[in-house]
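Topology and contacts: notes
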Amino acid sequence: MSTATPAEVRVRPPRPALIATATATAAAALLLTPNGAVADPTPRPASQPAPPVREGSGLSDPSDRAAARAPESTTDRALTTPVTELTDGTGTAGGTRGYPREQVLTPDPENPADKSIRLGLTPYHAIAPKLNALQRLGDRVSVEVAGRSAGGHRLYLVTVTAPESARQARAQERMRELIENAPSAAAKDPSVKRTYKTPVFFNNNIHGNEWEGTDAALKLIEKLATAQDRSTTDLLARNRVYFNITANPDGRIAGTRANANGFDLNRDFVTASQPEVRAMRRIAIDKQPAVMVDLHGYVNGTLIEPTTPPHGENYEYDLFLKNTYANALGMEAAVNGLGYTPGKDGVEPAQIPFRDQEEGWDDWPPIFTPQYMPFHGAVAAHTVEFPMAVNNDEYDDLPVAELRRRSAINVAIAGAAMRASLNYTQANRTSLISDQIEVFRRSVTGAAQVPVSPETVPGVPGIGPEDVYTTDFPRAYVIPAGTKAQRSATAAARLVDHLLANDVQVRRATKEFRLGGKTYAKGSYVVDLRQPKRGMANVMLADGRDISDKVSVMYDISGWSLGRLWGATVDTVRTSSSKLSVPDRAVHEAAHVGYVAPRGALRLRLDDAREIAALNSLLADGVSVRRAADGSAIVPASARAKAVALAKKYDVAFDATKATGTTPLHRVRVAAAVTPGELFALREMNFDVTPVSTAILNAGFDWSRADVLFASAGLNHAGLDVTARAALDAFLAREGLVGRGATGAALNAAAGLLAVEPVEGNGDANGVVRVVNSAGGVTSGAPDHGFVYAPLWFTDLGPGVRVEQSYASGNPLVSGHWRALEDGSGGPAQAAGRASVVSGPHAVLFGTEPLFRDHPKGQFPQVARALLSVS
């Protein structure tokens, strides 16, 4: 069992002068979503954390407003951009050539609207010429293209190191693989200790309107490229320094936190829905950084992780804390050593949350870059938030001179943090690599984690029992094969491919086998937890944990189990066997499950997002499809050729059937007032979507373009003018509404569609919940788990209201953070047994979050069925 004790027993002494500042400025970064948040000008005591800002709340960042106008092409690009090896311009995979790997980059067209220009920073179109110039400075700088953003912009990975021949580069790759896959041998290999170059990774500008890391990186690259002093030449001889120049060029150009799809990329790592995140994932796997720093803004004074509890329970946290805290001290000294002061410059002293704060800035979820990288071997990983705000209101309101003064300070601080990290790496490179080897050794051998304590992590002050988070790793996971064991073969294949993309080793049974007291069919997938990336495998497949009693507030989401939320059946295997006796083989991709019966009418299940996408493609092509009694789609034999193409594209099965179906299905045109994640998910399912909002409706909207309204954010009935309100009411009375959350419930009440009383739970609550689905409706055949954020439930159900789904009895929360409010309301006990999804002739209302950030894949069909039934 995992262990931790409540944060109330924390013994470390806070620094009172910093607590108020840290908490208030942390409010600006409690960014749970693709939106930004403005800094709260009123400091709060540490006992009163700032409220989080929900996705789609529209409180601050222009990216929230822009999301409603995101072009469909950005979704297509995000879904179809291939995951490729890094390319140096020759088409050669990254590990097979020496350094430097120079290429001449074609300049981008000049864009005078680039938001960086006002700040005196480097606009995106100037980056390629700058990188060309840096490569010409000598033989230390290499540029590779790591991919393209959702908006189509190149993502640049720069490597700075001493020159390597192809033979030397292959030797480095051999040692990297040895560290990961044979760590015990790597620990004994003298060449690793003597010649392996420590990988250091600086990630910049992942939030587009936190610009300055990019400029600091370009300055540091130039210094490293030209300096001839002994310390620089020795640094580059013994280390490779990697820079992701701008992780979010779309946002850099537009001045938005999010990318062109409206996604906060620093919330997407467990899902990897966006191409920029898949590029960073590829860097993590290929380069295996031991040290990484993610440059952000804006928290005054400069915030430098490690974090407050709760700590991710799947890390080797003793090794992580040891190095991350020590490097933080060096960065703190370097930042404070620049000489900025509150009185002279408005710059507060740097802060380290682990030391200076009680809670509210945790490293629990694997959705952030520094919380994802440890699963690939990083033993020091940081978010660094430089201090001087220049985005949102400040960008619009402050004079250019003041903005540029602030940006210059931020560039200097970002540079100091990077240089300090290089100094730490150079001074501790042997122990850093030894610790990385130990991470993989524990994983491969199944060794227990080492709980943190003053004895196990000497030199880190204030460690208490509230910092101890460990987990009991199972022996393995099995993703069963066979229709009886597996809810959706398509979902299982997608999950396996996702695990493989995250460098988790997966094997497939070549014969029937028995494991953990159960018999599994040939073709079942086995994830042995004695592998280098056991933490990654477990963080994705485990149920997770209810941490509601550990801390009073969380920085972001607290539950995310892919085993529960992605629509695939996953079994946990606990056995003491040192070796799994399974006849299997390693796989590099899931077996394809696409199939079309050779004759007769076809049946397409609608239990997976890809099946919905295939259905919508058929409907868009004018195929006559009918709904069967079990909710599946009946496709005529005449559409077999189209079915063959779709089975290949979406990896779905069209089975033979004698059913003829009843209700005709039609292409649904959706007017969507939704969050960016929901808009993306709707388009992923191939719905015809037109984004709307209060402003768009007030400007005049042609409702003949829509068959149904899906509303969850950005649409306020009271904010509509008389004409827009009348048009909306007429549409809802004639067609219908699919609503989610408080916004959907409010529209339902205004239109008088369903007689229900919505009850709002704790607005901070989120996680994986147990649910009970009703047969024959919107949630028929859906998984028995869902996801919630600011959960809602429905009472006082009037005539004609059907309960489609309810929260389970007892405590429905499986993993996450859900507390009752101070008055005792809004908690899981109050939601237990209550309706979470309700429907009627013209409306379906969700109290859950079935499309949250494009993540809970197994929940998507509930929304699709609702849209199809209401329309």
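Residues numbered from 1 in each chain as written. Predicted model: local features only at pLDDT ≥ 70, side-chain atom pairs only at ≥ 80, totals over all residues. Heavy atoms only, no water.

For the rest of this paragraph, the subject is empty space enclosed by the protein. By the definition in use, this model includes ten cavities of 30 Å³ or more. Within this model, the largest cavity holds a volume of roughly 150 Å³. Lining the largest cavity are 19 residues; nearest its centre among them are Tyr315, Glu316, Pro374, Phe375 and Val439. Elements represented by at least two residues in the lining of the largest cavity include exactly helix H17 (400–445) and helix H19 (534–541). Per-class residue counts for the lining of the largest cavity are eleven nonpolar, five polar and three charged. (1 Å grid on protein atoms, 1.4 Å probe; cavity = no way out; pocket = protein on both sides within 12 Å on 5 of 7 lines; lining within 4 Å. Points joined across faces, edges and corners; volume = space filled by probe spheres on them. Helix = DSSP H or I, 4+ residues; strand = E, 2+ residues; numbered from the N terminus. Nonpolar A, V, L, I, M, F, W, Y, C, P; charged D, E, K, R; others polar.)

The next subject is the nonpolar core. One finds Leu131 and Phe243 to be the most contacted residues of the largest nonpolar core, which totals 155 residues. Tallying contributions element by element places H17 first for this core, with 16 residues. In this view, Leu131 contacts Leu105, Val143, Tyr156, Val158, Leu218 and Ile245; residues no more than four positions away in its chain are not counted. The next biggest cluster of nonpolar side chains, apart from the first, holds 50 residues, and it includes Ala633, Phe654, Val670 and Val689. (Core = buried A, V, L, I, M, F, W, Y, C linked by side-chain atoms within 4.5 Å. Buried < 20%, exposed > 50% of the residue type's maximum accessible area, 1.4 Å probe, protein only. Contact = heavy atoms within 4.5 Å.)

Bridge count between strand E28 (residues 766–773) and strand E29 (residues 785–789): five bridges; the pairing is antiparallel. Residue pairing in the sheet places Gly767 in a bridge with Val788 of E29. Pairing analysis gives four bridges linking E28 to strand E32 (residues 813–817), with the strands arranged antiparallel. Counted as the bridge partner of Asn766 is His817 from E32. Where E28 meets strand E31 (residues 802–807), three bridges bridge the pair, whose relative direction is antiparallel. (Pairing = 2+ DSSP bridges.)

Turning to the packing of helix H21 (residues 609–620) against helix H22 (residues 640–650), a few remarks are in order. Packing of H21 against H22 brings their axes to within 10 Å, and their N-to-C directions diverge by 150°. Like other packed secondary-structure pairs, H21 and H22 cross with a definite hand, here right-handed. Listed contacts from H22 to Arg610, Ala613, Ala614, Ser617 and Leu618 of H21 are Lys642, Leu646 and Tyr650. Class assignment for the residues of the contact of H21 with H22 results in five nonpolar, one polar and two charged. (Axes fitted to C-alpha atoms, helices over the stretch in contact; angles between N-to-C directions. Left-handed = near helix turned anticlockwise from the far one by under 90°.)

Here we take up the sheet that holds strand E10 (residues 476–479). In sheet architecture, strand pairing relies on hydrogen bonds along the backbone and comes in two forms, parallel and antiparallel. Overall, antiparallel pairing links the five strands, which are arranged E15-E10-E14-E11-E16 in an open sheet. Each edge of the open sheet is held by one strand with a lone partner, namely strand E15 (571–573) and strand E16 (584–586). Averaged over all adjacent pairs, the angle separating strand axes in this sheet is 30°, with direction ignored. Pairing analysis gives three bridges linking E10 to E15, with the strands arranged antiparallel. Note that in E15 the partner of Val478 across the bridge is Asp571. Packing of helix H18 (residues 489–501) onto the sheet brings it into contact with E10 and strand E14 (525–528), and relative to E10 it is tilted by some 140°.

This part is about the packing of H21 against helix H28 (residues 860–870). One can describe the packing of H21 onto H28 by two numbers: an axis separation of 8 Å at closest approach and a directional angle of 30°. Within the contact between the two elements, H21 uses Ala609, Ile612 and Leu615 and H28 uses Phe860, Pro861, Ala864 and Leu868. When its residues are assigned to classes, the contact of H21 with H28 shows seven nonpolar, no polar and no charged.

Taken in spatial order, the seven strands make up an open sheet running E1-E2-E4-E3-E5-E9-E6, and their pairing is mixed. Edge strands, defined here as strands with exactly one partner in the open sheet, are strand E1 (141–148) and strand E6 (303–304). Where strand E5 (residues 291–297) and strand E9 (residues 380–386) come together, seven bridges link them in parallel fashion. The residue of E9 that forms the bridge with Gly297 is Phe386. In the packing of helix H9 (residues 230–238) onto the sheet, the strands contacted are strand E2 (154–160), strand E3 (198–204) and strand E4 (239–244), and the crossing angle to E4 comes to about 85°. Contacting E1, E2, E3 and E4, helix H11 (residues 275–287) runs over the sheet at an angle of about 135° to E1.

In the structure shown here, the tally under the stated rule is 21 aromatic pairs. Measuring from centroid to centroid gives 5.2 Å for Phe269 and Tyr372, while their planes differ by 35°, and the two rings are tilted. Placement of the pair is Phe269 in the loop between helix H10 (249–254) and H11 and Tyr372 in helix H15 (residues 369–372), with a sequence separation of 103 residues. A residue is classified by how much of its surface remains accessible, and Tyr372, at 1% relative accessible area, is buried. Pairwise contacts between aromatic rings join Tyr315, Tyr317, Phe320 and Phe375 into one cluster. (Phe/Tyr/Trp six-rings, centres within 6.5 Å; stacked < 30°, edge-to-face > 60°.)

On to the side chain of Asn686, then. By the element assignment, Asn686 lies in the loop between helix H23 (676–684) and strand E24 (688–691). In terms of polar contacts, Asn686 uses its side chain to reach the side chain of Ser617, at 2.7 Å. The contact partners of Asn686, leaving out residues within four places of it in the chain, are Ala613, Asn616, Ser617, Tyr650 and Arg667. (Polar contact = N/O pair within 3.5 Å; in protein donor to acceptor, adjacent residues only side chain to side chain.)

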